[in-house]
Amino acid sequence: MKRRTLLIGGLLGATGAALLKPRDRGTNHSPYFESVSRALRSAAYARPTLVVDRSLLRQNVQTLRSHIAGRFDYRIVAKSLPSLAMLKETMNAADSNRLMLFHQPFINQVARELPSADILLGKPLPVQAAAQFYDAHDSAAFSPQRQLQWLVDTPRRIAEYGALADQRAIDMRVSLEIDIGLHRGGARTASEFQQMLDELARWPRLQFAGLMGYEPHIVKVPGDKISYRDEAMQAYAGFTAAARSHFGQDWPADVTLNSGGSGTYQLYDAGDFPMNELASGSCLVQPTDFDGATLADHVPAAFIAAPVLKAADELRTAGFNTGPLQTWWDPNKARTFFLYGGYWKAQTVSPQGLKTNLFLGRSTNQEGMTGSRKINLEPGDWVFLRPTQSEHVFLQFGDIAVYDRGEIVDRWPVMSQSVG
């Protein structure tokens, strides 16, 4: 091989390696997160904390209202905002008392503390969970017979709820789950739906309240969103027509025809559709799983704040020390940090350029992270992460720190997991 060929090959190899070499992505906190950090220090926080920005939460509520614009009623999905104080804040801002709940203990707490709420279950619960609700129900101001709709998805569950209603001598409102494309449950065909209607007629204490058809698949599966939306709405209209025909003059004047979700609610900004209310919740705090074109005008309003416990000006690795070699190749591995806690369903957002130290493995106790020398974190500083979802993550930190324009202005307890 000629010397010239070897030289050219070497130059190309060096150029390729330079192009592959990671660039320094490190930054320090933006002014916004510097402000949140100061607020947490001023309020004497010292452990992992879920922070909700109240101003941004309200901004997201107003964004949602501008899209719905009175065309539908709005039902707040409580599992995405699992705090009574946060729900109250949202209900006031949205001017809605309609909630969608998914967990028996939360139903009891809402009935007790938010007795004006109109509740629709977002999933069919085991009949024993319904029995436990009535066992623990102690709010004279909340009437389940008027304010609570259980969700039923099969003739068998209808029979179980009917037997419970007869046993307790109580009237129970029920909405029927319909499958409009998600294929996660509910009546999928006209025949299955008719069987549910026929079974419902056998139980006089069960009162038909409406339909619930959830359609998040519209924005999750490949293909044309509008086409999927139209197919879902055609299915919804078919089930609605069958129910209207079945009930005739007994069709409820206040019937609930529920659909939508955070990722899909903006698809109904214009046009005629069979439902009369939309549900959403996650878009009000905007975790990362909901980033997308249909929520481009919503802003992140919730963050995990984790204290930095340890900081080192080198990459530390157990066993054979590959730290200097890794740092030479990747400037984003020049410093090591250990957090108080970790391994959350979340993505680091500030300082930018931090990476999980996968060489050490994930840790719920002291998460190891690496960053460039541009990141000036020291023990006592904060790292901020965006949750990927809200419903479970929000329950992991105790009281929510409420941030508003430079201060921690309140603490919102999260809802309890206890049965009663």
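The residue numbers shown here count from 1 along each chain, following its written sequence. The model is predicted, so local features are restricted to residues of pLDDT at least 70 and side-chain atom pairs to those at 80 or more, both for listing and for counting; the totals for chains, interfaces and linings are taken over all residues. Side-chain metrics rest on all non-hydrogen atoms present in the structure, leaving aside hydrogens and water.

1. Considerations on the overall build of the chain
Segments assigned H or I by DSSP are reported as helices when at least four residues long, segments assigned E as strands when at least two residues long, and all are numbered from the N terminus. A count of helical and extended segments in the chain gives 12 helices and 17 strands. With the C-alpha coordinates of the chain rotated into their principal frame, the extents come out at 90 × 60 × 40 Å. Each residue is assigned to one of three classes by its accessible area relative to the maximum for its type, calculated with a 1.4 Å probe on protein chains only: buried under 20%, partly exposed between the two thresholds, exposed over 50%. Across the 420 residues of the chain, 51% fall into the buried class. Contact criterion: two residues are considered in contact whenever any of their non-hydrogen atoms come within 4.5 Å of each other. For the chain, the proportion of contacts with a sequence separation of at least 24, taken over those separated by at least 6, is 73%. Carbon and sulfur atoms form 51% of the exposed surface of the chain, whose accessible area is close to 19300 Å². His is not counted, nor are the chain ends, whereas Lys and Arg count as positive and Asp and Glu as negative. A charged residue contributes its charge at one atom only: NZ of Lys, CZ of Arg, CG of Asp or CD of Glu. Of the side chains in the chain, 44 bear a positive and 42 a negative charge, and the two mean positions are spaced by 10 Å. Values of accessible area rely on a 1.4 Å probe in the Shrake-Rupley scheme; residue burial ignores everything except the protein chains shown.

2. Quick word on the pattern of salt bridges
A pairing counts as a salt bridge when a side-chain nitrogen of Lys or Arg comes within 4 Å of a carboxyl oxygen of Asp or Glu. Applying the stated rule across the entire model yields 20 salt bridges. Among the ionic pairs, Arg54 bridges to Asp404, the shortest N-O distance being 3.1 Å. Here the residue Arg54 occupies a position in helix 3 (residues 54-68), and Asp404 occupies one in strand 16 (residues 400-404), the gap between them amounting to 350 residues. Of the two residues examined, Arg54 and Asp404, each falls in the buried class. Ionic pairing is found between Arg157 and Asp153, a salt bridge with its closest N-O pair at 2.5 Å. Comparing Arg157 with Asp153, the two get one shared label, buried. Among the ionic contacts, a cluster of salt bridges with common partners joins Asp73, Arg75, Arg98, Asp118 and Glu277.

3. Considerations on the layout of surface pockets
Throughout, the protein atoms alone are placed on a 1 Å grid, and a set of points is a cavity if a 1.4 Å probe fits but cannot get out or a pocket if it is open with protein on both sides within 12 Å along at least five of seven lines; lining residues have an atom within 4 Å of a point. Grid points are joined across faces, edges and corners, and a volume is the space filled by probe spheres set on the points. In this structure, the largest pocket occupies an estimated 850 Å³ of space. Residue lining of the largest pocket: 38 residues in total, with Lys79, Tyr214, Ser282, Phe290 and Glu391 positioned closest to the centre. Approximately 160 Å³ is the volume attributed to the second largest pocket. Considering the residues around the second largest pocket, the lining is formed by Arg65, Ile68, Ala69, Gly70, Phe72, Asp73, Tyr74, Ala94, Asp95, Ser96 and Arg98. Elements with a minimum of two residues in the lining of the second largest pocket: helix 3 and strand 2 (73-77). Within the lining of the second largest pocket, the residues separate by chemical class into five nonpolar, two polar and four charged. Throughout this entry, Asp, Glu, Lys and Arg are counted as charged residues, while Ala, Val, Leu, Ile, Met, Phe, Trp, Tyr, Cys and Pro are counted as nonpolar. The remaining residues, Gly among them, count as polar.

4. Observations concerning empty space enclosed by the protein
Vacant regions in the atomic arrangement are exposed by a probe of water-molecule size rolled over the atoms. By the definition in use, this model includes one cavity of 30 Å³ or more. The volume enclosed by the largest cavity comes to roughly 70 Å³. Around the largest cavity, the lining residues are Glu177, Ile178, Asp179, Ile180, Leu182, His183, Arg184, Gly185, Met212, Gly213 and Tyr214. Residue composition of the lining of the largest cavity, grouped by class: five nonpolar, three polar and three charged.

5. Considerations on the nonpolar core
Ranked by size, the top nonpolar core spans 104 residues in total, and within it Val110, Trp150 and Leu176 carry the most contacts. Domain delimitation in this document rests on an assignment produced automatically or drawn from a domain database. Each of domain 1 (25-48 + 301-413) and domain 2 (54-282) contributes no fewer than three residues to this core. Not counting chain neighbours up to four residues away, the residues in contact with Leu176 comprise Leu151, Val152, Ile158, Phe193, Met196, Leu197, Leu200, Phe208, Gly210, Leu211 and Met212. To form a nonpolar core, buried Ala, Val, Leu, Ile, Met, Phe, Trp, Tyr and Cys residues must be joined to one another through side-chain atoms within 4.5 Å. Formed by 13 residues, the second largest nonpolar core is a distinct cluster that contains Phe33, Phe303, Ala305 and Ile408.

6. A short note on the packing of aromatic side chains
Aromatic ring pairs are described here by two measures, namely the spacing of the ring centres and the angle between the planes. Stacked, tilted and edge-to-face are the three classes applied to pairs of Phe, Tyr and Trp rings, where Trp contributes its six-membered ring and a pair requires centres within 6.5 Å; stacked means planes under 30 degrees apart, edge-to-face means over 60, and tilted covers the rest. A complete count under the given rule lists 14 aromatic pairs for this structure. Summarising the aromatic geometry, the rings of Phe133 and Trp150 are spaced 5.7 Å apart at their centres and angled 75 degrees between planes, so their arrangement reads as edge-to-face. Placement of Phe133 in helix 6 (residues 127-136) and of Trp150 in strand 5 (residues 148-152) is noted, with a sequence separation of 17 residues between them. With relative accessibility at 1%, the residue Trp150 sits in the buried group. Considering the side-chain rings of Tyr134 and Trp150, the 5.9 Å spacing of their centres and the 45 degrees angle between planes classify their relative orientation as tilted. Here the residue Tyr134 occupies a position in helix 6, and Trp150 occupies one in strand 5, the gap between them amounting to 16 residues.

7. Section: the confidence of the model for the chain
The pLDDT score gives, residue by residue, the confidence of the prediction method on a 0 to 100 scale. Across the chain, the average pLDDT comes to 92, with 90% of residues at or above 70. In this model, residues 6-16 is a region of pLDDT below 50 whose contacts with residues beyond four sequence positions or in other chains number one contact.

8. Structural notes on the domain arrangement of the chain
By domain assignment, the chain separates into domain 1 (25-48 + 301-413) and domain 2 (54-282). Its C-alpha centre places domain 1 at a distance of 38 Å from the equivalent point of domain 2. Across the boundary between the two partners, domain 1 contributes 14 residues, which contact 15 residues of domain 2. The quantity reported as buried area is the accessible area (1.4 Å probe) lost by two parts once they are put together, taken as the sum for both. A buried area of about 1200 Å², summed over both sides, lies between domain 1 and domain 2, and 59% of it is on carbon and sulfur atoms. Area buried by domain 1 at its contact with domain 2 is led by Ala301, Glu391 and Trp412, which between them contribute 43% of it. Summed over the shared surface of domain 1 and domain 2, the result is two salt bridges. For this analysis, a polar contact is any N or O atom pair within 3.5 Å, provided that within protein one partner can donate a hydrogen and the other can accept it, and provided that sequence-adjacent residues contribute only side-chain to side-chain pairs. One can count seven residue pairs in polar contact (both at pLDDT 80 or more) joining domain 1 with domain 2. Mapped onto the side of domain 1 that touches domain 2, the elements with two or more residues apiece are strand 16 and strand 17 (407-412). The biggest single contributor to the side of domain 1 that touches domain 2 is strand 16, with four residues. Residue classes in the side of domain 1 that touches domain 2 are distributed as 10 nonpolar, one polar and three charged.

9. Concerning helix 2 (residues 31-42)
Take the residue count of a helix, subtract one, and multiply by 1.5 Å to get its expected span. The terminal C-alpha atoms of helix 2, which comprises 12 residues, lie 16 Å apart, in line with the 16 Å expected from a rise of 1.5 Å per residue. Buried residues along helix 2 sit against strand 1 (49-53), strand 10 (302-312), strand 12 (346-350), strand 15 (382-387), strand 16 and strand 17.

10. Some points on the packing of helix 6 against helix 8 (residues 155-168)
To obtain each axis, a line is fitted to C-alpha atoms, and for helices this fit is confined to the stretch in contact; angles are then taken between N-to-C directions over 0 to 180 degrees. Relative orientation of the contacting elements helix 6 and helix 8 amounts to 30 degrees, with a least axis distance of 9 Å. Taken together, helix 6 and helix 8 sit at an angle that is classed as roughly parallel. Note on packing geometry: the crossing formed by helix 6 with helix 8 is right-handed. Here Val127, Ala130, Ala131, Tyr134 and Asp135 of helix 6 lie close against helix 8, whose contacting residues are Glu160, Tyr161, Leu164 and Arg168. The residue inventory of the contact of helix 6 with helix 8, partitioned by class, reads six nonpolar, no polar and three charged. An angle below 35 degrees is treated as roughly parallel, one above 145 as roughly antiparallel, one from 65 to 115 as roughly perpendicular, and anything else as oblique. If you view the pair so one helix is near and one far, a crossing is left-handed when the near helix is turned anticlockwise from the far one by less than a right angle, and right-handed when it is turned clockwise.

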